[in-house]
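Residue-level structural notes
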Amino acid sequence: MGDKKVLVVLLFQFFLLAHLPQKLLAATIMADPGAVCNSTLNPAFCKTVLPPGDGNLYDYGRFSVARSLTQARKFSRMVKKKLAKSSSSLSTLSVRALQDCDLLSELNVDFLQSTGRTLNSSDTLLDPQAEEAQTLLSALLTNQQTCLEGLQLASSDWSLRAELGAPIANDTKLFSLSLALFSRAWRRKKKPSPYQTSFFFPGSAIPTRTQLIQASSTGTRRLLQSSPPSNSVFVRNFVVVNKTGSGNFTTIGAAVSAAPNNTEASGGYYLIYVAAGVYEEYVEVPKNKKYIMMIGDGINRTVITGNRSVVDGWTTFKSATFAVVGQGFVAVNMTFRNTAGPEKRQAVALRNGADQSAFYRCSFEGYQDTLYTHSLRQFYRQCDVYGTIDFIFGNAAVVFQNCNLYARLPMKNQNNMVTAQGRTDPNQNTGTSIQGCRIQGTAELVANGTGMGTRTYLGRPWKLYSRTVVMQSYLDGVIDPAGWSPWNGNFALNTLFYAEYMNFGPGAGTGGRVNWPGYRVINATDAANFTVSSFIDGPKWLNSTGVSFLSGLT
């Protein structure tokens, strides 16, 4: 009987050798767990996780994701217990940090459940399934890091940090392993053509105010502005927010709360039209409020403003004037503002952790940490971003296209960093891509920056594998010739990926740029990896938003 089993195994492996594509073979045949672990970031930890005996990468990946889900659920329960029993004895900042962890741990459970279902469905995942799974696994690590940073900020409650720090560290290693195994078994490296056909919508399908009024009177739920017909925005319902009381709601938060829960993309958007006015409120679009489209009357006409900051006792995560988590969020013609000022340090105008979200003709105004591109896939077009230190930061896979990025005047002897990208793992599909934008200083910075001792850089490495690409963009003379600034000594200079491609303007010369191992001037083939099509799979989901975009290089 034993000989028959051996014969069956040999015949099966011979079949694999004869019939499977070579690139799938290595992931499918039996593999020793020790050899698999040696290719991960933490081989010693990996060997304590994977079961003994030969298996294949698919089974190892599923096993790791299942174990990750168990640990994520355990940590989520631990956080909820701490909030329920200890909140009265903790500082306000610690409670806020725990609330951040509560939300982020719930998201991790959701992401792992979704990924587990996907991985159990097939050994041969194709895009967009593979792209989505890698996106969700990448976001796990971002959520862990954000939770930890909030607890570290609450430095007065050492026992809280000690109690939660160890499970955060252990779970992070497990999540990293799950991502590494997925990348080896399922993920296929894209090979985009540098000269791929790009397309640009001749107009925008975003409905205008006039169309909204007409649609309201006729009861239509399909709003179409431009051709072809496929470039349409489908709306399930829409409401009006107006401070005067003439709409359905007087606050944006109330309109968001009234949106249906857990809708699907195919059902259309819940459209919120926000009339002109200054809305002094803090708005959160939670994870169960999906496919909301919010349209204002224009930049500096429809304004959402707040002034929370780290100095005033908020975590960076919770300092946001406007925060969105619900998938498929779209915002158009609005301003998001944080007025805390440069002296209040981290003060976020908008925090975005919504997958497949888009912002069109919006403005983000603040100083340090203005725009928190926290996680998942995001797109910004024809937007304005104002700030000083790290004013675009986070660990999303994000593309800025045809945007204006304005460095402002900071406090004396402070430097400006346009970006601070937070990639912590080489297998994360995250990074900041800036294409066809204008990076420049405000008039105040240009007039007074030299006297204030201010230099302006394209970015600095917030985390070990920081990744930022600036391409086909105008860089004005305010950009320092070095281009990029270190974070702290030699930290991340070997592991970061900073690149420039075909930029122009007085600040675009690369002759005086940093000579770090991680910095490079790239060609069209490499630049194509950071386009809307390749980097965020934009054509698969941006069409339905009505937002114009360029899919490749110009």
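Not measured: the values here are computed from a predicted model.

About the thresholds
- Per chain, the residues get numbers from 1 upward, laid out in the order the sequence is written.
- For a predicted model such as this one, the threshold for reporting local features is a pLDDT of at least 70, and the threshold for listing and counting side-chain atom pairs is 80 or more; totals across whole chains, interfaces and linings nevertheless cover every residue.
- Side-chain numbers come from the whole structure's heavy atoms, not from hydrogens or water.
- Strands here mean DSSP runs of E at least two residues long; helices mean DSSP runs of H or I at least four residues long; both are numbered from the N terminus.
- In what follows, residue pairs with any heavy atoms lying within 4.5 Å of each other are defined as contacts.
- Buried, partly exposed and exposed residues are distinguished by accessible area as a fraction of the type maximum, computed with a 1.4 Å probe on protein chains only: under 20%, between the cut-offs, and over 50%, respectively.
- Only strands joined by at least two bridges in the DSSP assignment are considered to pair.
- Axis angles are defined between N-to-C directions and span 0 to 180 degrees, where every axis is a line fitted to C-alpha atoms and, for a helix, only to the segment in contact.
- Contacts described as polar in this section are N or O atom pairs within 3.5 Å, which, within protein, must combine one atom able to donate a hydrogen with one able to accept it, while residues neighboring in sequence count only if both atoms come from side chains.
- Here, patches come from residues exposed beyond 30% relative accessible area and free of salt bridges, joined within 9 Å for like charges and within 5 Å for nonpolar side chains (Val, Leu, Ile, Met, Phe, Trp, Tyr).
- The method behind every accessible area is Shrake-Rupley, applied with a 1.4 Å probe, and residues are considered shielded solely by the protein chains displayed.
- A pairing counts as a salt bridge when a side-chain nitrogen of Lys or Arg comes within 4 Å of a carboxyl oxygen of Asp or Glu.
- A helix's residues, less one, multiplied by 1.5 Å, set its expected span.
- Between 65 and 115 degrees an angle is taken as roughly perpendicular, under 35 as roughly parallel, over 145 as roughly antiparallel, and anywhere else as oblique.
- Two helices crossing with the near one rotated counterclockwise from the far one by less than a right angle form a left-handed crossing, whereas a clockwise rotation gives a right-handed crossing.
- In the scheme used here, Gly and all other residues not listed as nonpolar or charged are polar, with Ala, Val, Leu, Ile, Met, Phe, Trp, Tyr, Cys and Pro taken as nonpolar and Asp, Glu, Lys and Arg as charged.
- Stacked, edge-to-face and tilted labels apply to pairs of Phe, Tyr and Trp rings (six-membered ring for Trp) whose centres lie within 6.5 Å, assigned for plane angles under 30 degrees, over 60, and everything in between, in that order.
- Here, over-ring charges are defined by two tests on the NZ atom of lysine or the CZ atom of arginine: distance to the ring centre within 6 Å, and angle to the ring normal within 35 degrees.
- In these notes, a set of buried Ala, Val, Leu, Ile, Met, Phe, Trp, Tyr and Cys residues joined through side-chain atoms within 4.5 Å is what counts as a nonpolar core.
- A pair of sulfur atoms, both from cysteines and within 2.5 Å, is called a disulfide here.
- To get the bend at any residue, fit one axis to the seven residues that end at it and another to the seven that begin at it, then take the angle between the two axes.

Quick look at the side chain of Thr442
Among the structural elements, Thr442 can be located in the loop between strand 22 (438–441) and helix 11 (443–448). Dropping the residues within four chain positions of it, Thr442 is found in contact with Tyr386, Tyr406, Ala407, Arg408 and Leu409.

Observations regarding the pairing of strand 4 (residues 277–280)
Burial along strand 4 is one-sided: Gly277 and Tyr279 are buried, while Val278 and Glu280, pointing the other way, are not. Strand direction decides the pairing type here: strand 4 and strand 7 (residues 302–306), joined by 4 bridges, are parallel. Paired with Glu280 across the two strands is Thr305, which belongs to strand 7.

Section: the sheet that holds strand 23 (residues 456–459)
Overall, parallel pairing links the 7 strands, which are arranged 5-8-11-14-17-20-23 in an open sheet. Every other strand in the sheet has two partners, leaving strand 5 (283–285) and strand 23 as the edge strands with one partner each. Recorded for the sheet is a direction-independent mean angle of 15° between the axes of neighbouring strands. Both strand 11 (residues 350–352) and strand 14 (residues 371–373) contribute to a ladder of 3 bridges, which runs parallel. Residue Asn352 lies in a different strand from strand 14, and its bridge partner there is Thr373.

Considerations on the side chain of Thr135
The residue Thr135 is located in helix 7 (residues 129–153) in this model. A relative accessible area of 3% places Thr135 in the buried class. In terms of polar contacts, Thr135 uses its side chain to reach the backbone carbonyl oxygen of Glu131, at 2.8 Å. Sequence-distant contacts of Thr135, that is, excluding residues within four places in its chain, are made with Asp355, Leu376, Arg377 and Asn429.

Things to note about a nonpolar patch on the surface
Taken together, the side chains of Leu464, Trp487 and Phe491 make up a nonpolar region of the molecular surface, amounting to roughly 230 Å² of accessible area. For Trp487, the location among the structural elements is in the loop between strand 25 (474–475) and strand 26 (497–501). Residue classification places Trp487 among the partly exposed residues on the basis of a relative accessible area of 31%.

Considerations on helix 6 (residues 92–121)
Look at helix 6: 44 Å from first C-alpha to last across 30 residues, which is about the 44 Å you get at 1.5 Å a residue. A large share of helix 6 lies buried, amounting to 21 of its 30 residues.

A closer look at the packing of helix 6 against helix 7
In contact at an axis separation of 9 Å, helix 6 and helix 7 are set at 160° when each is read in the N-to-C sense. If you check the angle between helix 6 and helix 7, you find them roughly antiparallel. In the packing of helix 6 onto helix 7, the handedness of the crossing is left-handed. Considering only residue class, the contact of helix 6 with helix 7 consists of 15 nonpolar, 10 polar and 1 charged.

A closer look at the packing of aromatic side chains
All told, the structure shown has 23 aromatic pairs when counted by the stated rule. Here the aromatic rings of Phe336 and Phe359 are separated by 6.0 Å at their centres, their planes lie at 75°, and the arrangement is edge-to-face. Taken together, the residues Phe336 in strand 10 (residues 335–338) and Phe359 in strand 12 (residues 357–360) connect sequence positions 23 residues apart. The buried category is assigned to Phe336, whose relative accessible area is 0%. Classification of Phe359 by relative accessible area gives buried; the value is 0%. Pairing Tyr380 with Phe400 gives two aromatic rings, centres 4.8 Å apart and planes at 15°, and the pair type is stacked. With Tyr380 in strand 15 (residues 377–381) and Phe400 in strand 18 (residues 397–401), this residue pair connects regions lying 20 residues apart in the sequence. The same class applies to Tyr380 as to Phe400, namely buried. By way of ring pairs, the aromatic residues Phe322, Phe329, Phe336, Phe359, Phe364, Tyr380 and Phe400 are connected into one cluster. Lying over the aromatic face of Trp314, Arg308 brings its terminal NZ or CZ to 4.0 Å of the ring centre. Against the face of Trp487 rests Arg460, its NZ or CZ located 4.0 Å from the ring centre.

Considerations on the packing of helix 7 against helix 8 (residues 158–185)
The contact between helix 7 and helix 8 brings their axes to 10 Å, and the two run at 165°. By the criterion of interaxial angle, the relationship of helix 7 to helix 8 is roughly antiparallel. Crossing geometry of helix 7 relative to helix 8 is assigned as left-handed. Between helix 7 and helix 8, the contacting residues are Ala130, Ala133, Gln134, Leu137, Ser138, Leu140, Leu141, Gln144, Cys147, Leu148, Leu151 and Gln152 on the first element and Leu160, Arg161, Leu164, Ile168, Asp171, Thr172, Phe175, Ser176, Ser178, Leu179, Phe182 and Ser183 on the second. When its residues are assigned to classes, the contact of helix 7 with helix 8 shows 14 nonpolar, 8 polar and 2 charged.

Focus on the nonpolar core
Ile272, Phe322, Phe329, Phe336, Phe359, Phe364 and Tyr380 are the most contacted members of the largest nonpolar core, which totals 95 residues. Sorting elements by how many residues they give to this core places strand 3 (residues 269–274) first, with 6 residues.

Let's talk about the state of the cysteines
Formally, a disulfide is one covalent bond, and it connects the sulfur atom of one cysteine to the sulfur atom of another. If you walk through the whole model with that rule in mind, you get 2 disulfides. The residue that forms a disulfide with Cys37 is Cys46, at a sulfur-sulfur distance of 2.0 Å. A torsion of -70° about the S-S bond marks the disulfide between Cys37 and Cys46 as left-handed. Look at Cys37 and you get buried, because its relative accessible area is 0%. Look at Cys46 and you get buried, because its relative accessible area is 0%. Disulfide pairing is shown between Cys101 and Cys147; the S-S distance is 2.0 Å. Judged by the sign of its S-S torsion, about 100°, the cystine formed by Cys101 and Cys147 is right-handed. Pair noted here: Cys101 is in helix 6 and Cys147 is in helix 7, with a separation of 46 residues, a long-range link. Residue classification places Cys101 among the buried positions, given a relative accessible area of 1%. Since its relative accessible area comes to 3%, Cys147 is described here as buried. Here the protein chain pairs its bonded cysteines, counted in sequence order, in the arrangement 1-2, 3-4.

What to know about helix 8
The first and last C-alpha atoms of helix 8 sit 40 Å apart over 28 residues, in line with the 40 Å expected at 1.5 Å per residue. Leu164 marks the point of greatest bend in helix 8, at about 30°, and the proline Pro167 comes within the next four residues.

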